[in-house]
Amino acid sequence: GGTENETTSTSFVDAPHYFIDVTPKFPDSSMFIEFWFNIKNNQMQAGYQYLKVVRKYPDQDGYMANTSGEDASFFWGTAGDSGHVAYIGVSIATLDNPTTTETIRYQVQQRTSSSSHTMRVGENGQNRRMIARVTEIRKGAYMGDIN
C-alpha cells in the first residue's frame, strides 16, 4: 500500500512509498515492472504530469536506468479552468535488464510541467489501492520439449 505524495517540482522527484525492492535470481534476467495507482492533478490549465520508473540500489543515491525519461508517461488536464481537478487511475509498465543479483529498487518518480500546478501520486492515503509487481524473465531458460 501507499500514501499520497504531492509535488510542484519541475524536476523528477521520488514518490515515497511508491517503490518495490527485488533481488534477481539470475544476472542475465530481464525484469518486467508494473505499477498501478491513482493520481490527482490540481490547477491543470494546460499542465502536464510526468511519471516514470527508475532503477536504483536501495542504499545509494544514483539512479541506474530510465533516467532520460524515455519511459515516462504523461497526463494532461483538458479543462481550461485553472481550478480544474482530475482524478485518474494509472498503470506504468517497463522492461529492465539490471545484470545483477544484488537487491535493486524500482522507484516511481513524478514531476510537473509548471510549478504552479500541484500533482499528486496517490489519493487520500490510498492504502490497498497501489499495486506493484516485478516479473523476472530468465533468459535461455529450458522450457522442455514441446510436441
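Criteria and thresholds
Residues numbered from 1 in each chain as written. Predicted model: local features only at pLDDT ≥ 70, side-chain atom pairs only at ≥ 80, totals over all residues. Heavy atoms only, no water. Helix = DSSP H or I, 4+ residues; strand = E, 2+ residues; numbered from the N terminus. Buried < 20%, exposed > 50% of the residue type's maximum accessible area, 1.4 Å probe, protein only. Contact = heavy atoms within 4.5 Å. Areas by Shrake-Rupley, 256 points an atom, 1.4 Å probe, with all protein chains shown as cover. Phe/Tyr/Trp six-rings, centres within 6.5 Å; stacked < 30°, edge-to-face > 60°. Lys NZ or Arg CZ within 6 Å of the ring centre and 35° of its normal. Core = buried A, V, L, I, M, F, W, Y, C linked by side-chain atoms within 4.5 Å. Polar contact = N/O pair within 3.5 Å; in protein donor to acceptor, adjacent residues only side chain to side chain. Salt bridge = Lys/Arg side-chain N within 4 Å of Asp/Glu carboxyl O.

Participant: Hey, could you go over the overall build of the chain for me, with residue numbers and the actual values?
Facilitator: Within the chain one finds zero helices and 10 strands. Starting at the N terminus and ending at the C terminus, the chain contains elements arranged as β-β-β-β-β-β-β-β-β-β. The proportion of buried residues among the 147 residues of the chain is 39%. Partitioning the intrachain contacts of the chain with sequence separation of at least 6 by distance along the chain shows that 84% fall at a separation of at least 24. Roughly 8,000 Å² of accessible area belongs to the chain as shown, and the carbon and sulfur atoms make up 46% of that amount.

Participant: An account of the packing of aromatic side chains is needed here, citing residue identities and associated values.
Facilitator: Here the structure, examined in full by the defined rule, presents one aromatic pair. For the ring pair Tyr18 and Phe37, a centre distance of 5.5 Å and an interplane angle of 70° mean the geometry is edge-to-face. Of the two residues, Tyr18 sits in strand β2 (residues 13-22) while Phe37 sits in strand β3 (residues 30-42), which places them 19 residues apart along the sequence. Above the face of the Phe19 ring, Arg105 is positioned so that its terminal group lies 3.8 Å from the ring centre. The ring centre of Tyr50 lies 4.0 Å from the NZ or CZ of Arg111, which sits over that ring.

Participant: Give me the lowdown on the side chain of Ser30, citing residues and values where you can.
Facilitator: Mapped onto the elements of the fold, Ser30 is located in strand β3. In contact with Ser30, other than residues within four places in its own chain, are Leu95, Asp96, Asn97, Thr135, Glu136, Ile137 and Lys139.

Participant: Any chance you could break down the nonpolar core for me, citing the residues and the numbers?
Facilitator: Residues Phe35, Phe37 and Tyr106 are the most contacted members of the largest nonpolar core, which totals 19 residues. Counting residues per element, the ones that place at least two in this core are β2, β3, β4 (48-56), β7 (85-96) and β8 (104-112). If you tally residues by element for this core, the top one is β3, at five residues.

Participant: Mind laying out the side chain of Thr7, listing which residues take part and the relevant values?
Facilitator: Tracing the backbone shows Thr7 in strand β1 (residues 5-7). According to the relative accessible area criterion, Thr7 is buried, its value standing at 8%. Among the polar contacts listed, one links the side chain of Thr7 to the backbone nitrogen of Ser9, at a separation of 2.9 Å. With near-sequence residues (within four places) excluded, Thr7 lies in contact with Val13, Gln110, His117, Thr118 and Met119.

Participant: So, the pattern of salt bridges: which residues are in play, and what are the values?
Facilitator: A full pass over the atoms with the stated rule returns five salt bridges. The residue Lys56 makes a salt bridge to Asp14 at a minimum N-O spacing of 2.8 Å. Residue Lys56 is found in strand β4, and its partner Asp14 is found in strand β2; the two are separated by 42 residues along the sequence. By relative accessible area, Lys56 is classed as buried at 10%. Taking relative accessible area as the criterion, Asp14 reaches 25% and is therefore assigned partly exposed.

Participant: Which residues make up the environment of Gln49, and what values go with them?
Facilitator: Take Gln49: it is sitting in strand β4. Gln49 gets classed as buried once you look at its relative accessible area, which sits at 0%. Spatially, the C-alpha atoms of Gln49 and Gln110 are 7.1 Å apart, while their sequence positions differ by 61 residues. Within the structure, the side chain of Gln49 is placed 2.9 Å from the side chain of Gln110, a separation counted as a polar contact.

Participant: Outline unusual backbone geometry, listing residues and values.
Facilitator: The backbone phi angle of His17 is positive, close to 80°, even though this residue is not glycine. In this fold, His17 is placed in strand β2. With phi around 50°, Thr99 is a residue other than glycine that occupies positive phi space. Tracing the sequence through the fold places Thr99 in the loop between β7 and β8.

These values are about where atoms sit, not about what they do.
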